[in-house]
Amino acid sequence: MMNLADRLLTVMVCLSVAIVIYFLMQTTTVCTFRIPTDSMQPALQPGDNILVNKWVMGARIFDIWEAAEEKEVEIYRLPGLGKVKRNDVLVFHYPYPRSNDSLSMHLLKYYVKRCIALPGDTMGIEHGHYYIKGVNEPVGNVEAQKRISRLDKDDARGIVMDAYPWDKYLNWTIQDFGPLHVPARGQTVAMDSTAVKLYRKLIEWEQKKPMTRNGNKVYLGDSLIQEYRFRENYYFMGGDNMENSKDSRYWGLLPEPYIVGVATRIWKSVDKYTDEVRWDRVMKQIE
């Protein structure tokens, strides 16, 4: 029969094992996030708590302490069991937490958006509607796209109409945008003036060197370049509530290393105004 000291030791060991298993699960398998805003309505509502599957892409490994100090970290990804698909809802680190001019990862600043375009896609927006070259199925919230298509630019009710890359010569808007090629790892783009506007921040993030243009010549650091081969995959992300969503239409493309995982289910939902549980949303699959 165990004495009190042995019982306490057993309890401590069990608690330690449980804590280790919990953190391993959070790191490698599944984690949870609470939805604070309406940018993904109607699919997700403020007060929803979602489960995020890390097995699809594979869990990320990086120095969490350096990331917490907002230092640049190397991110490695374990092998995944699948691939991200268009219309998947993803949780990711917002890529511009400090400055709109350079990418960085803030450990605690997460966004939840829908994947509109995958690496290698060429996409755009025509009259408010997303299109993917060579793809016929709809992407994103079609009803919201219809509402955007009916907006009058001179009477947009406070909705920001101008869009990435915020260039007066391209003049892209949330109604007419692109075409934009979404780079895949290993793909090469010619470095003309338009490519510099679209991809400069991505290339500077990959290379840790400034990109400049002098007339028709493009320099990466001190090197003259005519083309660039991308090292990472990128994604175009959009919110379902398109009138109130800070997404890729405004800030550009998302690097794959910043993706946490795929949101799969709402495990709990609490109305933020009444604190009542919305039972009809509990364990609801995210579509």
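Position labels on residues start from 1 in each chain and follow its written sequence. pLDDT decides what is reported in this predicted model: residues at 70 or higher carry local features, side-chain atom pairs at 80 or more are listed and counted, and totals for whole chains, interfaces and linings draw on all residues regardless. Calculated side-chain values reflect all of the structure's heavy atoms, with hydrogen atoms and water omitted.

### Overview of the overall build of the protein chain
Think of it this way: any DSSP run of H or I at least four residues long counts as a helix, any run of E at least two long counts as a strand, and we number them from the N terminus. Helix and strand content of the protein chain: five helices and 18 strands. The classification of residues rests on relative accessible area computed with a 1.4 Å probe and restricted to protein chains. Under 20% of the type maximum is buried, over 50% is exposed, and intermediate values are partly exposed. When each of the 287 residues of the protein chain is scored for burial, the buried share is 44%. For the protein chain, the exposed surface amounts to about 15,900 Å²; the carbon and sulfur share of it is 53%. Where accessible areas are quoted, they stem from the Shrake-Rupley method and a 1.4 Å probe; at the residue level, only the protein chains shown are allowed to cover.

### Thoughts on helix α4 (residues 193-207)
At Tyr199, α4 is bent by approximately 65°, the largest bend along its length. Most of α4 sits out of view: eleven of its 15 residues are buried. Where α4 begins, the capping side chain belongs to Asp192, and its oxygen is found 3.3 Å from the backbone nitrogen of Thr194. Bend, in this description, refers to the angle at a residue between axes fitted to the seven residues ending there and the seven starting there. Polar contacts, as used here, are pairs of N or O atoms within 3.5 Å; protein pairs need one atom able to donate a hydrogen and one able to accept it. Residues neighboring in sequence count only if both atoms are side-chain atoms.

### Considering the pairing of strand β1 (residues 30-34)
Alternating positions in β1 separate cleanly, Cys31 and Phe33 being buried on one face and Val30, Thr32 and Arg34 remaining unburied on the opposite face. Strand pairing follows a simple DSSP-based rule, namely that at least 2 bridges must link the two strands. Here β1 pairs with strand β2 (residues 48-53) via five bridges, running antiparallel. By the bridge assignment for β2, Val30 is matched with Asn53.

### Quick look at the confidence of the model for the protein chain
Of the residues in the protein chain, 90% reach a pLDDT of 70 or more, and the chain-wide mean stands at 89. In the model, residues 17-26 has pLDDT below 50 throughout and makes five contacts with residues more than four positions away in sequence or in other chains. Confidence of the predictor at the level of single residues is captured by pLDDT, which takes values from 0 to 100. Note on contacts: a residue pair qualifies if any of its non-hydrogen atoms lie within 4.5 Å across the two residues.

### Quick look at a nonpolar patch on the surface
Residues Ile61, Tyr76 and Leu78 make up a contiguous nonpolar surface patch of about 290 Å² in total accessible area. Relative to the helices and strands, Leu78 is located in the loop between β4 (76-77) and β5 (89-93). With a relative accessible area of 38%, Leu78 lands in the partly exposed category. Patches draw on residues past 30% relative accessible area with no salt bridge. Two like charges within 9 Å are joined, as are two nonpolar side chains (Val, Leu, Ile, Met, Phe, Trp, Tyr) within 5 Å. Each reported salt bridge corresponds to a side-chain nitrogen of Lys or Arg within 4 Å of a carboxyl oxygen of Asp or Glu.

### Some words on the pattern of salt bridges
Counted according to the given criterion, the structure contains 16 salt bridges. Asp240 is the partner of Arg114 in a salt bridge, and the nearest nitrogen-oxygen pair spans 2.7 Å. Taken together, the positions of Arg114 in strand β6 (residues 110-117) and Asp240 in the loop between β15 (234-238) and α5 (248-251) put the pair 126 residues apart, joining distant regions of the chain. Summarising the burial analysis for this pair, Arg114 and Asp240 share the class buried. Of the charged contacts in the structure, one is a salt bridge between Glu143 and Lys146, with a shortest N-O distance of 3.3 Å. Within this pair, Glu143 and its partner Lys146 are both found in helix α3 (residues 142-149), separated by three residues, close to a single helical turn. Assessed through its relative accessible area of 46%, Glu143 is described here as partly exposed. Look at the salt bridges and you will find they share partners, linking Asp48, Arg278 and Arg281 into a network.

### Topic: unusual backbone geometry
Residues Tyr164 and Pro165 are joined by a peptide bond in cis, for which omega reads 0°. On the secondary structure map, Pro165 appears in the loop between α3 and β9 (177-181). Of the consecutive residues Gly178 and Pro179, the connecting peptide bond is found in the cis state with omega at 10°. Counting through the fold element by element, Pro179 comes out in strand β9.

### Some points on the sheet that holds strand β8 (residues 129-132)
Judged by pairing direction, the sheet is antiparallel, and its three strands sit side by side in the order β8-β7-β9 without closing on themselves. Strands with a single pairing partner mark the edges of an open sheet, and in this sheet they are β8 and β9. Taking each pair of neighbouring strands and ignoring which way they run, the sheet shows an average axis angle of 15°. Relative to β8, strand β7 (residues 122-126) runs antiparallel, the two being bridged by four bridges. Within the sheet, the bridge partner assigned to Gly124 lies in β8 and is Tyr131. Lines fitted to the C-alpha atoms define the axes, with helices restricted to the stretch that makes contact. Angles between their N-to-C directions range from 0 to 180 degrees.

### Brief notes about the pairing of strand β11 (residues 211-214)
Here β11 runs beside strand β12 (residues 217-220); their pairing, made up of four bridges, is antiparallel. Residue pairing for β12: Arg213 is matched across the bridge by Val218.

### So, the packing of aromatic side chains
The aromatic pairing rule takes the rings of Phe, Tyr and Trp, using the six-membered ring of Trp, and pairs them if the centres are within 6.5 Å, calling planes under 30 degrees apart stacked, those over 60 edge-to-face and the rest tilted. Applying the stated criterion to the full structure yields 16 aromatic pairs. Between Tyr199 and Phe230 the ring centres are 5.5 Å apart and the planes differ by 75°, which places this aromatic pair in the edge-to-face class. You can see Tyr199 sitting in helix α4 and its partner Phe230 sitting in the loop between β14 (227-229) and β15, a full 31 residues away along the chain. Take Tyr199: its relative accessible area is 4%, and that puts it in the buried class. By relative accessible area, which is 2% here, Phe230 ends up buried. A network of ring pairs unites the aromatic residues Tyr199, Trp205, Tyr228, Phe230, Tyr234 and Tyr258 as a single cluster.

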